[in-house]
Amino acid sequence: MTIAVIGVGFVGLVTAAVFAKFGNTVWAINRDEKKSSALKRGKLPFFEPGLEELVKDNVRSGRLNFTTEYSKAIPPADIIMIAVGTPSAADGTADLSAVFAAAKSAAPHLKKDAIIIIKSTVPPGTNDQVKNIVKKHTSANFHMASVPEFLREGTAVEDTLHPDRILIGASEPSVIKRLLELHRPLSGETVIMKPESAQLTKYTANAYLATRIVFINQIADLAEKTGADVQEIIRGIGLDNRIGLHYWWPGLQYGGSCFPKDVKELSAYAKRVGEGDGLFEKIDRLNEARLPKMLAKFETAVGGWKNKTIAILGLSFKPNTDDTREAPSLKVIPVISAGGARTQAYDPQAIQSAQRFLEDKINLYASDPYQAVRNAEALIILVEWDEFRSLDLNRIKKLMSANPVFIDTRNLYNPETVTEKGFKYVGIGR
Ligand code: NAD
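Residues numbered from 1 in each chain as written. Predicted model: local features only at pLDDT ≥ 70, side-chain atom pairs only at ≥ 80, totals over all residues. Heavy atoms only, no water.

### Quick notes on the overall build of the chain
In plain terms, the rule: Helix and strand definitions here come from DSSP, where helices need a minimum of 4 consecutive H or I residues and strands a minimum of 2 consecutive E residues; each element is numbered from the N-terminal end. The size measure is the radius of gyration over C-alpha atoms, and the globule rule it meets is 2.2 Å times the number of residues to the 0.38 power. Here a residue-residue contact requires only that any non-hydrogen atoms of the pair lie within 4.5 Å. We get accessible surface area from the Shrake-Rupley algorithm with a probe of 1.4 Å; when it comes to residues, only the shown protein chains can shield them. As used throughout, the charge tally considers Lys and Arg to be positive and Asp and Glu to be negative, leaving His and the chain termini uncounted. Throughout, a charge is located at the NZ atom of Lys, the CZ atom of Arg, the CG atom of Asp or the CD atom of Glu.
When you go through the chain residue by residue, the secondary structure sums to 17 helices and 14 strands. For the chain, the C-alpha radius of gyration of 23 Å lies close to 22 Å, the compact-globule estimate for 430 residues. If one aligns the C-alpha atoms of the chain with their principal axes, the spans along those axes are about 75 × 50 × 40 Å. Within the chain, counting contacts between residues at least 6 apart in sequence, those at least 24 apart form 72% of the total. With the model as given, the accessible surface of the chain reaches about 19200 Å², and the carbon-plus-sulfur share is 51%. When the 55 basic and 49 acidic side-chain charges of the chain are each reduced to a single mean position, those positions are 2 Å apart.

What follows is the structure, encoded as structure tokens:
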């Protein structure tokens with residue numbers, strides 16, 4: 001098949017490369033000519049494990065093409081995938097303007113019976129809005145479908161090749177048949193459902209995962225008050241088959257490019273349809289309120305930020321990505337810096353990305369963790385990159401100033417081991 005993918009961000013680029021790998025001809029459309037020519041040379045705008053090779057291979061084979069011109073990419077396309085961003089607007093609702101703009105630009109070039117798939121995360125009802133926009137700009141017959149994306153940054157290529165499930169949100173039998181054929185090479189169960197169900201499933205999944213984080217953070221706070229250890233509690237509940245050991249991440253708060261905006265939109269959507277009983281709003285509020293509380297706890301442990309040197313390990317929103325959207329670093333570092341501390345930071349991939357937002361709020365961009373901790377009074381691990389899991393604690397102790405504080409917001413270390421090495425250990429819920 002010939003596919004046009006609109007938007008070459010995390011979802012669009014990975015999707016385009018994976019469908020090209022399976023023998024389709026793919027045109028990936030973005031707005032920036034410079035980005036397109038860089039991509040043609042195999043230069044990616046962001047870091048994602050395994051993606052560079054995949055893009056290069058498929059560009060070389062001629063199956064993956066990049067362009068800024070809708071008039072080139074859309075006319076041959078059997079399938080058009082909209083994979084543009086849907087960030088939070090100022091009022092917390094999903095800003096769908098990029099989805100509408102992409103649909104409008106594609107419309108005049110559609111070939112007969114093309115299928116427009118919305119992969120971006122959008123609320124139920126969006127397909128009809130897009131359909132109306134497209135209808136105004138074409139006389140060609142076309143079809144709408146919703147195939148929400150579930151990939152995770154850091155494992156996006158693997159997740160796209162081997163998804164847990166593929167939701168085909170479509171109602172016309174001929175469209176369902178073509179979409180089943182398109183997704184056939186991907187492993188993972190395919191579930192056919194109404195487009196509205198597919199769209200609401202995406203929000204449900206993200207809101208549920210976000211809720212688990214808020215929930216375990218609440219338990220972590222109780223654990224701290226009672227002398228319990230939240231990691232022990234996780235094991236205790238997780239061995240119950242109904243609960244499971246996976247996906248319990250006590251920490252500062254949930255962040256990243258999806259959970260915060262999707263919970264906010266679900267909360268707004270519930271209100272729009274007259275079902276705003278406040279659950280999702282409360283989750284969002286509890287999450288937002290947690291960070292200042294945690295920062296106050298760290299400040300007390302350090303004895304105030306003023307004139308201290310603080311090392312920060314991890315600037316991305318999670319490991320194996322350079323994405324810093326809604327990353328803890330963007331909220332934590334400005335507070336520490338405004339409190340009068342000198343900050344020294346290290347991240348394996350996200351320094352450039354963080355620099356755009358943090359600029360001079362970081363005094364030293366270190367080339368490794370050991371340079372970052374030099375002469376610091378405290379070290380804060382913000383992200384569970386693998387290389388932070390087995391740091392040489394003896395070396396770090398020697399490099400830091402006297403009586404160092406070890407703030408482990410990901411609970412990577414055993415508190416006793418760290419304490420024995422001469423640090424004051426501060427974890428989450430332990
Ligand atoms: P992104 O910000 O990384 O990429 C969006 C891309 O769309 C950008 O390259 C932007 O330039 C481009 N774009 C915007 N308007 C355009 C237009 N009119 N024409 C062409 N290109 C245009 O976003 P993302 O992280 O890839 O997310 C895309 C969608 O997928 C969002 O709705 C998001 O919620 C959802 N999603 C994201 C993830 C994730 O982990 N990032 C996972 C699942 C779903």
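### Section: the site of the ligand
The line we're drawing: Nearness of a residue to a molecule or strand requires only that one of the residue's heavy atoms be within 4 Å of it. Classification convention: Asp, Glu, Lys, Arg as charged; Ala, Val, Leu, Ile, Met, Phe, Trp, Tyr, Cys, Pro as nonpolar; all other residues, Gly among them, as polar. Boundary definitions for the domains trace back to an automatic or database domain assignment.
Looking at the ligand, there are 26 residues lining it, with Val11, Tyr70, Thr86, Glu153 and Lys261 nearest. In the complex, 88% of the free accessible area of the ligand, which totals 830 Å², lies under the protein chains. At the level of elements, helix H1 (10-21) and helix H5 (97-106) are the ones that each hand at least two residues to the shell around the ligand. Looking at the shell around the ligand, its residues break down into 12 nonpolar, 7 polar and 7 charged. Taken domain by domain, the shell around the ligand gets at least three of its residues from each of domain 1 (2-191) and domain 2 (202-284).

### Focus: H1
Our working rule: In a helix, the anticipated span is given by 1.5 Å times the number of residues less one. Residue exposure (1.4 Å probe, protein chains only): buried if accessible area is under 20% of the type maximum, exposed if over 50%, otherwise partly exposed.
If you check H1, its first and last C-alpha atoms are 17 Å apart, about what 12 residues at 1.5 Å a residue would give, namely 16 Å. Counted residue by residue, H1 has 10 buried out of 12 residues, so it is predominantly covered. Within H1, burial applies to Phe10, Gly12, Leu13, Val14, Thr15, Ala16, Ala17, Val18, Phe19 and Ala20. Immediately beyond the C-terminal end of H1, within one or two residues, lies Gly23, with a positive phi of roughly 100°.

### Structural notes on the packing of aromatic side chains
For clarity, the threshold we go by: Working definition: rings of Phe, Tyr and Trp (its six-membered ring) pair if their centres are within 6.5 Å, and the pair is stacked with planes under 30 degrees apart, edge-to-face with planes over 60 apart, and tilted otherwise. Note on geometry: a ring has a charge over it if NZ (lysine) or CZ (arginine) is within 6 Å of the ring centre and within 35 degrees of the ring normal.
By the definition in use, this model includes 7 aromatic pairs. For the ring pair Phe215 and Trp248, a centre distance of 6.3 Å and an interplane angle of 45° mean the geometry is tilted. With Phe215 in helix H9 (residues 195-226) and Trp248 in the loop between helix H10 (230-238) and helix H11 (259-272), the pair connects residues that are 33 residues apart, well separated along the chain. Owing to a relative accessible area of 45%, Phe215 belongs among the partly exposed residues under this scheme. Trp248 sits in the buried class, given a relative accessible area of 11%. Ring pairing ties together the aromatic residues Phe406, Tyr413, Phe423 and Tyr425, which thus form one cluster. Directly above the aromatic system of Trp248 lies the positively charged group of Arg212, at a separation of 4.1 Å from the ring centroid.

### Overview of the pattern of salt bridges
What counts here: Should a side-chain nitrogen of Lys or Arg be within 4 Å of a carboxyl oxygen of Asp or Glu, the pair is scored as a salt bridge.
Taken as a whole, this structure holds 22 salt bridges when the rule is applied. A salt bridge links Glu181 to Arg184; the nearest nitrogen and oxygen atoms lie 3.1 Å apart. Taking the shortest distance from any N to any O, the salt bridge between Arg325 and Asp323 comes out at 3.0 Å. Accessibility expressed as a relative area gives 44% for Arg325, which makes it partly exposed. Three or more residues are tied together by salt bridges with common partners; here these are Glu153, Asp323 and Arg325.

### Quick look at the domain arrangement of the chain
Selection rule: Polar contact criterion, stated in full: a pair of N or O atoms within 3.5 Å, where within protein one must be able to donate a hydrogen and the other to accept it, and residues adjacent in sequence count only if both atoms are side-chain atoms.
As far as domains go, the chain holds domain 1 (2-191), domain 2 (202-284) and domain 3 (286-426). When each unit is reduced to the centre of its C-alpha atoms, the spacing between domain 2 and domain 3 is 24 Å. Asp221 is paired through a salt bridge with Lys293; the nearest N and O atoms lie 2.8 Å apart. Our count for the contact surface shared by domain 2 and domain 3 stands at 20 residue pairs in polar contact (both at pLDDT 80 or more). At the level of elements, H9, H10, H11 and helix H12 (279-302) are the ones that each hand at least two residues to the side of domain 2 that touches domain 3. The element best represented in the side of domain 2 that touches domain 3 is H9, accounting for 6 residues. Tallied by class, residues from the side of domain 2 that touches domain 3 come to 9 nonpolar, 8 polar and 5 charged.

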